[in-house]
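Examining the three-dimensional arrangement
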Amino acid sequence: MKIYCMSDIHGCIAEFEYALSLIDGQMNSPDTRLVLLGDYVHGPDSYAVLDKIISLQNKWGCDKVIALMGNHEDMVCDGRWRIEQDDEDSEAKEDEYIAWMQNLPRYYTEGNTIFVHAGIDEEAEDLWEWGTDDYTFTEKYPAQTGKFYGDWKIVAGHVGTMVISDDPWFHDIYYDGEAHYYIDGTVDVSGRLPVLMVDTEKDLYYRVTETGNWLILPYGEENT
């Protein structure tokens, strides 16, 4: 199975469309999935991003285009933050999107990879599915690095890779060399969405670019 992943779109429809263009044609394969790791809203055009995701699910099915819950969707669902703060005439439209958001799963697994917005309770080890609460799935902070239980890998967004790497110019995929891949490229700063491809059969992780797919090395090795 080949899983393409993006996270933290935050209403940036042009950047989202460009990232999708990098995997154009791949969705026709029966062993391909698109997994979106949450935080679709609260940016330039949240409605357009939501409409795009929903249209992709309508076209390919929710088992092929998997949209996970992010903390910004959580905030919308519990009334802390409207989708479009300045659009006072959009209550009915917001209710439709909220109904969709309320059904978003908090994690997805394929092979030995856990896809999640923020993270899991790693102290629970092999019982992480039962030991992780809803808050941790969507709002875990800071980002955790290092080895996890067995051969599990974790793919997450939520925390910008410039924060994890302690490099304000780094907005790419961060791999800690052990078990964690972080893919929030802080789109409002960088102007792009990193695209990760996971080959679950070979347990290999690639950066998807215009020039091809490139095997991801640990952060320190990629920057030496």
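In what follows, the structure referred to is the one given above.
Residues numbered from 1 in each chain as written. Predicted model: local features only at pLDDT ≥ 70, side-chain atom pairs only at ≥ 80, totals over all residues. Heavy atoms only, no water.

A few words now on helix 2 (residues 46-60). Its 15 residues place the ends of helix 2 21 Å apart at the C-alpha level, agreeing with the 21 Å of an ideal helix rising 1.5 Å per residue. Of the residues making up helix 2, those classed as buried are S46, Y47, V49, L50, I53, L56 and Q57. Of the surrounding elements, those touching the buried residues of helix 2 are helix 1 (13-21), strand 2 (32-36), strand 3 (65-67) and helix 4 (91-101). G61, located one to two residues past helix 2, shows a positive phi value of around 100°. (Helix = DSSP H or I, 4+ residues; strand = E, 2+ residues; numbered from the N terminus. Expected span 1.5 Å × (residues − 1). Buried < 20%, exposed > 50% of the residue type's maximum accessible area, 1.4 Å probe, protein only. Contact = heavy atoms within 4.5 Å.)

Relative to strand 10 (residues 204-209), strand 9 (residues 196-199) runs antiparallel, the two sharing four bridges. Looking at strand 10, one finds that D199 is bridged to L204. Once strand 9 ends, the chain turns through four residues before running back antiparallel as strand 10, passing D203 with a positive phi of about 55°. Here four bridges tie strand 10 to strand 11 (residues 212-215), and the two strands are oriented antiparallel to one another. Paired with V208 across the strands is N213, a residue of strand 11. (Pairing = 2+ DSSP bridges.)

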